[in-house]
Amino acid sequence: MRPAPFFARPLLLALAIPLAACSIMAVNQARETEQLLAAAGFRVKLADTPDKLAHVEALTQLKLVPHSQEGKTYYVYADATRCHCMYWGDESAYQTYQQLALSKEIAEDQRMAAQMNEDAALNWGMWGPGPWWVY
C-alpha cells in the first residue's frame, strides 16, 4: 500500500475542522432549545428502555413538531443522540416557548447592536494602519 501524499493530511484536517465546528454549533443549539423548552413548561420523558429509545429515534429529531392525540395538539421535541429523551408540551407551553424564543432573539440582537456601537465608538482608524500594539 502506498503512503498518502504530503498534502493529503493537511487537506483532511482543513475539511475536518469546519465539520467539527458545525457539530459543536448543533450541540449548542440543541442545548439552548432544550433549556427554553424546560423553562416554558415542557415535560421531559427519558428514553430509559430500548423500546422508548427506539420510539424517540423514530421521531423527527431536534425539531418541535405538533402531534394530535385524543383531539388535543401536543408539541414534541425528540433528542435521541444527546439526552436520549423527548420534550412534550401542550398549547400553552408552546406559546410560552415561542415568547421565550422571541425574547432571547431580541436580547441577542440588542447585544449585537451594542457590540457594534462599542466597536464603532473605538475609532480604530485614528491610530493609522498596522498592528498598534507593536509601537
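Scroll up to find the structure.
All values derive from a computational prediction rather than experimental measurement. (Residues numbered from 1 in each chain as written. Predicted model: local features only at pLDDT ≥ 70, side-chain atom pairs only at ≥ 80, totals over all residues. Heavy atoms only, no water.)

### Describing the state of the cysteines
So the rule is basically this: Here, a disulfide means two cysteine sulfur atoms that sit within 2.5 Å of each other.
Enumeration according to the criterion identifies one disulfide in this entry. Through a disulfide, Cys83 is tied to Cys85; the S-S separation comes to 1.9 Å. A torsion of -70° about the S-S bond marks the disulfide between Cys83 and Cys85 as left-handed.

### A look at the pattern of salt bridges
Our working rule: The term salt bridge refers to a pairing of a side-chain nitrogen on Lys or Arg with a carboxyl oxygen on Asp or Glu at a separation within 4 Å. Only DSSP runs of H or I with at least four residues qualify as helices, and only runs of E with at least two residues qualify as strands; both kinds are numbered from the N terminus onward. Working definition: with a 1.4 Å probe on protein chains only, accessible area under 20% of the residue-type maximum means buried, over 50% means exposed, and in between means partly exposed.
Per the stated rule, a full pass over the model turns up five salt bridges. A salt bridge links Lys104 to Glu32; its shortest N-O distance comes to 3.2 Å. One end of the pair, Lys104, is in helix α3 (residues 91-122); the other, Glu32, is in helix α1 (residues 8-40), with 72 residues separating them in the sequence. For Lys104, a relative accessible area of 38% puts it in the partly exposed group. For Glu32, a relative accessible area of 32% puts it in the partly exposed group. For Arg82, the salt bridge is made with Asp79, and the minimal N-O distance between the two is 3.9 Å. Residue classification places Arg82 among the partly exposed residues on the basis of a relative accessible area of 36%. One salt-bridge network, held together by shared partners, links Glu34, Asp79 and Arg82.

### Observations regarding the layout of surface pockets
Rule in force here: Buried and open spaces are told apart on a 1 Å grid over the protein atoms alone, a cavity being a set of points where a 1.4 Å probe fits but cannot get out and a pocket being an open set with protein on both sides within 12 Å along at least five of seven lines. Residues with an atom within 4 Å of a point are the lining residues. Grid points are joined across faces, edges and corners, and a volume is the space filled by probe spheres set on the points. Note that Gly is not counted as nonpolar here; it falls among the polar residues with everything else outside the nonpolar set of Ala, Val, Leu, Ile, Met, Phe, Trp, Tyr, Cys and Pro and the charged set of Asp, Glu, Lys and Arg.
In this structure, the largest pocket occupies an estimated 230 Å³ of space. Lining the largest pocket are Lys45, His55, Leu59, His67, Ser68, Gln69, Tyr74, Val76, Met86 and Trp88. For the lining of the largest pocket, the secondary-structure elements that each account for two or more residues are β2 (64-69), β3 (72-79) and β4 (85-89). In terms of residue count, the dominant contributor to the lining of the largest pocket is β2 (three residues). Its residues assigned to classes, the lining of the largest pocket shows five nonpolar, four polar and one charged.

### Quick notes on unusual backbone geometry
Positive phi outside glycine occurs at Glu70, with the angle close to 55°. Although it is not a glycine, His84 sits at a positive phi angle of roughly 50°. Its place among the elements puts His84 in the loop between β3 and β4. Relative accessible area serves as the criterion here: at 35%, His84 is assigned to the partly exposed category.

### A look at the nonpolar core
Applied cut-off: Buried Ala, Val, Leu, Ile, Met, Phe, Trp, Tyr and Cys residues form a nonpolar core when they are joined through side-chain atoms within 4.5 Å.
Judged by nonpolar contacts, Ala30, Leu36, Leu37, Ala40, Phe42, Tyr75, Tyr77, Cys85, Tyr87, Ala93, Tyr94 and Tyr97 together constitute the single largest core of 12 residues. Taken together, the elements giving at least two residues each to this core come down to α1, β3, β4 and α3. Among the elements that line this core, the one with the most residues is α1, at four residues. Counting seven residues, the second largest nonpolar core, distinct from the first, contains Val56, Leu59, Val76 and Ala80.

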